[in-house]
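# Reading the structure
In case you want the letters, here they are:
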Amino acid sequence: MKSLLEVEALGRTFGSGKRTLQAVKGVTFSLAPGEIVAVVGESGSGKSTLARLILRLLSPTQGQMRLEGRDVFRIPLRAYWRMVQAVFQDPYSSFNQFYSVRRLLQKSLGLLGPLSSQEREARIRTALQSVGLEPEGILGKYPHQLSGGQRQRVMIARAIMLRPRLLITDEPTSALDASLRATVLNLLKDLRQEQGTSIIFITHDIGQAYYLSDRILVMHQGEVVEEGPVERVVEQSQHPYTKRLLSDVPRFHG
Ligand SMILES: Nc1ncnc2c1ncn2[C@@H]1O[C@H](COP(=O)(O)OP(=O)(O)OP(=O)(O)O)[C@@H](O)[C@H]1O
């Protein structure tokens, strides 16, 4: 199958001289349309830097990326963000606190160009309902009036409202309790099923990666040390670092 995204020898260095830190090193992988790939690794392994590079919030110091065969850096940013959207772990810092939920969502819809007001309202309502939020109760509220779980779901609604080809999620369930966590994971599955969205699911939780993804990339100190179909990586991991990550998850023992 033709790839949606190809990432080739991607790298990012911070600082210079003795203080140089290579946060992402030579990362190469591709993502098929409708595929869910988990990126797992401990804190500091470079997962969020990789997400920011793919989203073009940060420039790489090495490597290339192609989206549907096109050099990513030749695609205008607005057009790129119509195709590639993200959900981060801390929605509070990503929202303008002075905007109501309605205004936040309308602003994002601006990326799609002119839409009729009925179309805008319909997209916003459908997106909120699909993350289990009642539009009437939430549209007039401001970020500080929402719970952490509600903010996280508004952020997911905002991303999926644009119907991106690729969704990057960075610890999207970290602010949620167990039942909402399951809701969000199932929502991501449905999104792939119904719209064929590809997903890069970043997590330190290998259990969630196992539940949701087709393939896993294991990152350690900026590099991908192991990659493969989820069952293979979990059941017959090759790299000592992956084995160590798995040994921290009680339910995978035996
Ligand atoms: N803007 C920056 N300037 C300098 N160093 C940075 C910057 N951003 C990230 N780093 C460093 O790059 C390394 C990788 O960080 P990154 O946030 O990508 O890891 P992570 O795997 O996402 O961790 P976490 O799970 O804690 O979010 C870390 O050592 C971090 O301190």
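For the structure, see preceding data.
Attention here is on the structure that accompanies the text.

Calculation notes
Residues numbered from 1 in each chain as written. Predicted model: local features only at pLDDT ≥ 70, side-chain atom pairs only at ≥ 80, totals over all residues. Near = placed C-beta within 6 Å. Helix = DSSP H or I, 4+ residues; strand = E, 2+ residues; numbered from the N terminus. Nonpolar A, V, L, I, M, F, W, Y, C, P; charged D, E, K, R; others polar. Contact = placed C-beta atoms within 7 Å. Core = buried A, V, L, I, M, F, W, Y, C linked by C-beta atoms within 7 Å. Buried ≥ 20, exposed ≤ 12 C-beta atoms within 10 Å, placed from the backbone. Pairing = 2+ DSSP bridges. Axes fitted to C-alpha atoms, helices over the stretch in contact; angles between N-to-C directions.

### Points about the site of the ligand
- Within the structure, the ligand sits among Phe-14, Leu-21, Ala-23, Gly-41, Ser-43, Gly-44, Ser-45, Gly-46, Lys-47, Ser-48, Thr-49 and His-204.
- For the shell around the ligand, the secondary-structure elements that each account for two or more residues are strand 2 (21-31) and helix 1 (47-55).
- With 3 residues, helix 1 is the largest single contributor of residues to the shell around the ligand.
- Its residues assigned to classes, the shell around the ligand shows 3 nonpolar, 8 polar and 1 charged.

### Let's talk about the environment of Ser-198
- Structurally, Ser-198 can be placed in strand 8 (residues 198-203).
- Once the C-alpha coordinates of Ser-198 and Met-161 are considered, the two residues, 37 residues apart in sequence, prove to be 15 Å apart.
- Every residue in contact with Ser-198, bar those within four places of it in the chain, is listed here: Leu-4, Leu-31, Pro-33, Gly-34, Glu-35, Arg-165 and Leu-166.

### Here we look at the nonpolar core
- Counting 59 residues, the largest nonpolar core has Val-39, Ala-157 and Ile-200 as the members making the most contacts within it.
- At 7 residues, helix 7 (residues 148-161) tops the list of elements feeding residues into this core.
- Discounting residues that sit within four places of it in the chain, Ala-157 has contacts with Ala-127, Leu-128, Val-131 and Leu-133.

### A look at the sheet that holds strand 9 (residues 215-220)
- Strand order in the open sheet formed by 6 strands is 6-7-8-3-9-10, with mixed pairing between adjacent strands. Two strands in the sheet have a free side with no partner beyond their single neighbour: strand 6 (84-87) and strand 10 (223-229). Here the average twist between neighbouring strands, direction ignored, is 15°.
- Sheet strands in contact with helix 1 are strand 3 (36-40), strand 6, strand 7 (166-170), strand 8 and strand 9, and its direction is about 150° off that of strand 7.
- Against the sheet, helix 11 (residues 240-247) makes contact with strand 3, strand 9 and strand 10, and its axis sits at roughly 105° relative to strand 9, the strand it touches most.

### Observations regarding the pairing of strand 9
- Of all 6 residues that make up strand 9, 5 are buried, and the element is covered over most of its length.
- Both strand 3 and strand 9 contribute to a ladder of 4 bridges, which runs parallel. By the bridge assignment, Ala-38 is partnered in strand 9 with Ile-216.
- Where strand 9 meets strand 10, 6 bridges bridge the pair, whose relative direction is antiparallel. Residue pairing in the sheet places Met-219 in a bridge with Val-224 of strand 10.
- From the end of strand 9 to the start of strand 10, which pair antiparallel, there are 2 residues, and Gln-221 there has a positive phi angle of about 50°.

### Remarks on unusual backbone geometry
- The backbone phi angle of Glu-68 is positive, close to 45°, even though this residue is not glycine.
- By the secondary structure assignment, Glu-68 is in the loop between strand 4 (62-67) and strand 5 (70-71).
- Despite not being glycine, Gln-221 shows a phi value in the positive range, around 50°.

### Side note on the sheet that holds strand 5
- If you walk across this open sheet you meet the 4 strands as 2-1-4-5, and the pairing is antiparallel. Two strands in the sheet have a free side with no partner beyond their single neighbour: strand 2 and strand 5.
- Sheet strands in contact with helix 1 are strand 1 (5-14), strand 2 and strand 4, and its direction is about 60° off that of strand 2.

### Regarding the environment of Glu-194
- The topology assignment puts Glu-194 in helix 8 (residues 178-195).
- The spatial distance from the C-alpha of Glu-194 to the C-alpha of Thr-61 is 36 Å, given a sequence separation of 133 residues.

### Some points on the environment of Glu-8
- Assignment of secondary structure puts Glu-8 in strand 1.
- Exposure remark for Glu-8: the 14 C-beta atoms within 10 Å place this residue in the partly exposed category.
- Glu-8 sits 134 residues away from Tyr-142 along the chain, and the two C-alpha atoms are 41 Å apart.
- Here Glu-8 is in contact with Thr-28, Gly-63 and Gln-64, once residues within four sequence places are set aside.

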